[in-house]
Amino acid sequence: MISQPYHLYVERWDASKNTLHYYALSIEANLFGDVCLLRRWGRIGRKGQMMAHHFRHEEEAVKLFLDLLRQKRKRGYRPRASAPT
C-alpha cells in the first residue's frame, strides 16, 4: 500500500532549439502488491514512451523518483501546475 500519492509532471521549453518535451513520474501499487514507478516522456502533444520499474518497498521507489527529479531539474525541466489531459 502506498502511504501517499506521488505524481509529477515537468516540461522543458526552448523555442530557439524547437524543444518542447515533457516528463511524468508517478508511484502506484499494482495488483500483485508491488510498488511501481511509472515514467512517461516525449514531445508535448505526442504519445511518447513509457517505462515501469517494480519494487517491493515504497522507499526504493521514492528514492528513484527523487533521483530522476534531480536529473530532470538539472536538464532544465520545470513543473507545470497540472498535467494535460
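A brief look at the structure comes next. (Residues numbered from 1 in each chain as written. Predicted model: local features only at pLDDT ≥ 70, side-chain atom pairs only at ≥ 80, totals over all residues. Heavy atoms only, no water.)

1. Topic: the pattern of salt bridges
Overall, the coordinates contain three salt bridges when judged by the stated rule. The shortest N-O distance in the salt bridge between Asp67 and Lys63 comes to 3.3 Å. Here the residue Asp67 and the residue Lys63 both occupy positions in helix α1 (residues 58-74), the gap between them amounting to four residues, near one helical turn. Given the relative accessible area of 26%, Asp67 is considered partly exposed. A salt bridge links Arg70 to Asp67; the nearest nitrogen and oxygen atoms lie 2.7 Å apart. Residue Arg70 and its partner Asp67 are located together in helix α1, separated by three residues, close to a single helical turn. It is possible to trace a salt-bridge network through shared partners that takes in Lys63, Asp67 and Arg70. (Salt bridge = Lys/Arg side-chain N within 4 Å of Asp/Glu carboxyl O. Helix = DSSP H or I, 4+ residues; strand = E, 2+ residues; numbered from the N terminus. Buried < 20%, exposed > 50% of the residue type's maximum accessible area, 1.4 Å probe, protein only.)

2. Digging into the packing of aromatic side chains
This model, assessed by the stated rule, comprises four aromatic pairs. The interplanar angle of 15° and the centroid separation of 6.1 Å between the aromatic rings of Tyr9 and Tyr22 together place this pair among those described as stacked. Here Tyr22 lies in strand β2 (residues 19-29) and Tyr9 lies in strand β1 (residues 6-14), a separation of 13 residues in the sequence. For Tyr9, a relative accessible area of 9% translates into the label buried. Overall, the relative accessible area of 6% leaves Tyr22 in the buried class. Taken together, a centroid distance of 6.3 Å and an interplanar angle of 25° make the contact between Tyr23 and Trp41 stacked. (Phe/Tyr/Trp six-rings, centres within 6.5 Å; stacked < 30°, edge-to-face > 60°.)

None of the figures reported here should be taken as evidence of function without further support.
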